[in-house]
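Below are the chains, spelled out letter by letter.
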Amino acid sequence: MKTFLGQLIVSSYLAGDTFLLISGLVLTYTILGRLERNGGRLNWAWLYIRRYLRLTPMYAVLLLGFVFLVPHVVDGPFPLLVGQDIGRNPILFCKQYWWTNMLYINNFVPLDTTQQCMDWTPFLAIEMQLFLITPPLVFLLYKCSKVGLAAIVSLIAGCLVTNAVIEAQWGLPIAMFQVPLKHNDTYDPTFDYVGNKPYTRATPYLIGMMLGFLFLKKPVWQFPYPKFDIVFNIGCWISSCIVANKVIFGLYDEAYNSPTAVNMLGRVSWQMLSHLGYSASISWVIFACNYGYAGPIRDILEWKVWRPLSHLTYMVYLFHPLTLQLWLVTQRDPFYFNLINMTSFFFAQLISVYTISFIFGILIEFPLLRLERAIMRF
């Protein structure tokens, strides 16, 4: 994990920012488009109900399987998944806190993050909580775009300041193997301060909303000075790559020198700006693909092979930690971490989780989507 390429794994949490950005973009583009086609009329209640029904059925199936099936299929020496150790029992936590998952508040309840039910799912709660504010913001964009954009920019600023204030309060770790810079009676290491809270992770979602608004309002884009299109394009690509590289690999040189590496100013700056910088880089890629400035990159991203795989991504997100843990708890020999082993392991897990997701998609997800479309016709 302390190697340069290991930062790709350590920084994998940024993939969540990509998901939030695309989610905000697609939802804003869709809802705002419907408002404009329907003259400002929309069934707001059904909008929220549909979102809940879209995410919850497969989520509930996973929860039931985790609680009632997994303990009977694990056969191995490690208790990490089934909770045979007294101190941490994930199955028992799910029996106690399953309702927080179904209400999408499991990023707030329980306060002790070691007791969360399926601790990879609080990200779904973030997405649902951000969705709650999406229709009002989109309606503002529809009624008065300047007011709507001002509200979104204000929320982004509030999110950045919140991250900075929380980081300044405790000097939270910004990399693996680090410890807080401030130790006092108010700090609780089991509490999630910034990782899975909507008020700290909203920046990419809100940037995505602005992109969705831009794409709908300006189907065609041209730089202010057409003669310098190539210069602007190359400059934006270079800037995007530099910023993304800094966010992904920027902690490699200093962060692992000691548990207290990176001073308070550095930690506050990182916590405040890293999600913003990464979101800006991904936003440029999407912007360039949409307006024809991406060249071969757009051609690659438009390959038809990605389309069927994209229909399985939600289920892959739900099931992949489970397949990883099932593999881990059944191992009877040590696993040596090196590039070849991890590469082989990655592709084996990739094929496994997509196969499982395809089976559950055929049995549950796709029939439910067809049922939803049938109901919408009435």
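Procedures and definitions
- Each residue is numbered by its place in its chain's sequence as written, counting from 1.
- Only residues with pLDDT of 70 or above have their local features reported here, since the model is predicted, and side-chain atom pairs are shown and tallied only from 80 upward, although totals for entire chains, interfaces and linings are computed over all residues.
- In computing side-chain values, all of the structure's heavy atoms are included and hydrogens and water are not.
- Buried residues of nine kinds, namely Ala, Val, Leu, Ile, Met, Phe, Trp, Tyr and Cys, make up a nonpolar core once their side-chain atoms join them within 4.5 Å.
- Each residue gets one of three labels from its accessible area relative to the maximum for its type: buried under 20%, exposed over 50%, partly exposed in between, using a 1.4 Å probe on protein chains only.
- Helix and strand assignments come from DSSP, with helices taken as H or I runs of at least 4 residues and strands as E runs of at least 2, each series counted from the N terminus.
- Should any heavy atoms of two residues lie within 4.5 Å, those residues are considered in contact.
- Whenever Lys or Arg places a side-chain nitrogen within 4 Å of a carboxyl oxygen from Asp or Glu, that contact is recorded as a salt bridge.
- Each aromatic pair joins two rings of Phe, Tyr and Trp (for Trp, the six-membered one) with centres within 6.5 Å, and gets the label stacked for planes under 30 degrees apart, edge-to-face for over 60, and tilted for any other angle.
- Our definition puts a charge over a ring when NZ of Lys or CZ of Arg is within 6 Å of the ring centre and also within 35 degrees of the ring normal.
- A residue's pLDDT is simply how confident the predictor is in it, with values from 0 to 100.
- Cysteine sulfur atoms that pair up within 2.5 Å are treated as a disulfide.

Caption draft 1: Molecular detail of the nonpolar core. Counting residues in hydrophobic clusters, the biggest one holds 44 residues, and the most contacted among them are Ile152, Tyr205, Leu206, Met209, Phe215 and Ile286. Elements that contribute at least two residues to this core include exactly helix H2 (15–37), helix H6 (122–143), helix H7 (145–170), helix H9 (203–217), helix H10 (229–249) and helix H11 (264–291). Ignoring any residue separated from it by four or fewer positions in sequence, one finds Ile152 in contact with Leu137, Leu141, Leu206, Met209 and Met210.

Caption draft 2: Seen up close, the side chain of Gln129. In this structure, Gln129 sits in helix H6. With near-sequence residues (within four places) excluded, Gln129 lies in contact with Tyr104, Ile105, Asn107, Phe108 and Pro198.

Caption draft 3: Inspection of the pattern of salt bridges at higher detail. The final tally for this structure, using the stated rule, is seven salt bridges. Close ionic contact of Lys217 with Glu36 constitutes a salt bridge, the shortest N to O distance being 2.5 Å. With Lys217 in helix H9 and Glu36 in helix H2, this pair connects stretches of sequence that are 181 residues apart. One salt bridge connects Lys197 with Asp192, and the closest N-O pair in it is separated by 3.4 Å. For Lys197, a relative accessible area of 2% puts it in the buried group. Overall, the relative accessible area of 14% leaves Asp192 in the buried class.

Caption draft 4: The arrangement of the packing of aromatic side chains in detail. One pass over the structure, following the stated rule, counts 20 aromatic pairs. Sitting above the plane of the Phe131 ring, Arg51 keeps its charged end 5.6 Å from the centroid. The lysine or arginine in question, Lys197, covers the ring of Phe191, its NZ or CZ lying 5.0 Å from the ring centre.

Caption draft 5: Fine view of the confidence of the model for the protein chain. Mean pLDDT over the protein chain: 88, with 93% of residues reaching 70 or higher. Considering each helix and strand of the protein chain separately, the mean pLDDT is smallest for helix H4 (residues 70–73), with a value of 77, and largest for H9, with 97.

Caption draft 6: Region of interest: the state of the cysteines. In this structure the tally under the stated criterion is one disulfide. Covalent S-S linkage joins Cys94 and Cys117, the inter-sulfur distance amounting to 2.0 Å. Disulfide Cys94-Cys117: the torsion about the S-S bond is 95°, which places it as right-handed. With Cys94 in helix H5 (residues 90–102) and Cys117 in the loop between H5 and H6, this residue pair connects regions lying 23 residues apart in the sequence. Residue class for Cys94 comes out buried when judged on its relative accessible area of 1%. The closest cysteine sulfur to the non-disulfide-bonded Cys241 is located on Cys236, 11 Å from its own sulfur. Residue classification places Cys241 among the partly exposed positions, given a relative accessible area of 49%.

Caption draft 7: Representation of unusual backbone geometry in the model. Following Val109, the chain continues into Pro110 via a peptide bond in cis, with omega recorded as 0°. Position of Pro110 among the secondary structure elements: in the loop between H5 and H6. The phi angle at Tyr104 is positive, at roughly 60°, despite the residue not being glycine. Within the secondary structure layout, Tyr104 lies in the loop between H5 and H6. Of note, the phi angle at Met118 is positive, near 50°, even though the residue is not glycine.

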